[in-house]
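Each chain, written out:
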Amino acid sequence: MSRDEVLVLDPIGCAGHGLCAELLPEWITLDEWGYPILRPEAIPPELLPHARRAVAACPKLALRLRALSAS
Ligand code: SF4
């Protein structure tokens, strides 16, 4: 059984150029300064490959996927 995963952002590390929002517009929008706003829900399975791509593409390593612990 796969675990649910959420996207988390390191706001200190983020440089705010919005690459992640281009790669995962379903889940990431940008605020008026160009910093990402992430949806807090678990990523649907069909979007996980895109989420992993966005995480891998972040040049500041500021975007991560975190597994939610099943309880
Ligand atoms: S790609 Fe990384 S550095 Fe760029 S806006 Fe997204 S989280 Fe921030």
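In this report, we go over the structure that sits alongside the text. Everything numeric in this text was worked out from a predicted model, so none of it was measured.

## Details of the packing of aromatic side chains
The relative placement of two aromatic rings is captured by the distance of their centres and the angle of their planes.
Argument step 1. As enumerated under the stated definition, the model contains 0 aromatic pairs in all.
Argument step 2. One cation-aromatic arrangement involves Arg-39 over Trp-27; the distance from NZ or CZ to the ring centre is 3.9 Å.

## A short note on the site of the ligand
Argument step 1. Near the ligand, the surroundings consist of Leu-9, Cys-14, Ala-15, Gly-16, His-17, Gly-18, Leu-19, Cys-20, Pro-36, Cys-58, Pro-59 and Lys-60.
Argument step 2. Residues of the shell around the ligand, tallied by class, amount to 8 nonpolar, 3 polar and 1 charged.

## Here's the deal with unusual backbone geometry
Argument step 1. A positive phi angle is found at Leu-61, which is not glycine, with a value near 55°.
Argument step 2. Along the chain, the position of Leu-61 falls in the loop between α2 (48-57) and β4 (63-67).
Argument step 3. The exposure class of Leu-61 is exposed, given its relative accessible area of 57%.

## Notes on the pattern of salt bridges
Argument step 1. Scanning the model with the defined rule gives 2 salt bridges in all.
Argument step 2. With its nearest N and O atoms 3.0 Å apart, the salt bridge here joins Glu-5 to Arg-52. Here Glu-5, found in strand β1 (residues 5-9), pairs with Arg-52, found in helix α2; they are 47 residues apart in sequence, far enough to count as distant.
Argument step 3. One salt bridge connects Glu-41 with Arg-39, and the closest N-O pair in it is separated by 2.8 Å.

## Things to note about the environment of Leu-7
Argument step 1. Relative to the assigned elements, Leu-7 resides in strand β1.
Argument step 2. Expressed as a C-alpha distance, the spacing of Leu-7 and Arg-52, which sit 45 residues apart in the sequence, is 9.5 Å.
Argument step 3. Ignoring sequence-local partners within four residues, the contact set of Leu-7 consists of Leu-24, Trp-27, Ile-28, Leu-38, Ile-43, Val-55, Leu-63, Arg-64 and Leu-65.

What counts and what doesn't
Residues numbered from 1 in each chain as written. Predicted model: local features only at pLDDT ≥ 70, side-chain atom pairs only at ≥ 80, totals over all residues. Heavy atoms only, no water. Phe/Tyr/Trp six-rings, centres within 6.5 Å; stacked < 30°, edge-to-face > 60°. Lys NZ or Arg CZ within 6 Å of the ring centre and 35° of its normal. Near = heavy atom within 4 Å. Nonpolar A, V, L, I, M, F, W, Y, C, P; charged D, E, K, R; others polar. Helix = DSSP H or I, 4+ residues; strand = E, 2+ residues; numbered from the N terminus. Buried < 20%, exposed > 50% of the residue type's maximum accessible area, 1.4 Å probe, protein only. Salt bridge = Lys/Arg side-chain N within 4 Å of Asp/Glu carboxyl O. Contact = heavy atoms within 4.5 Å.

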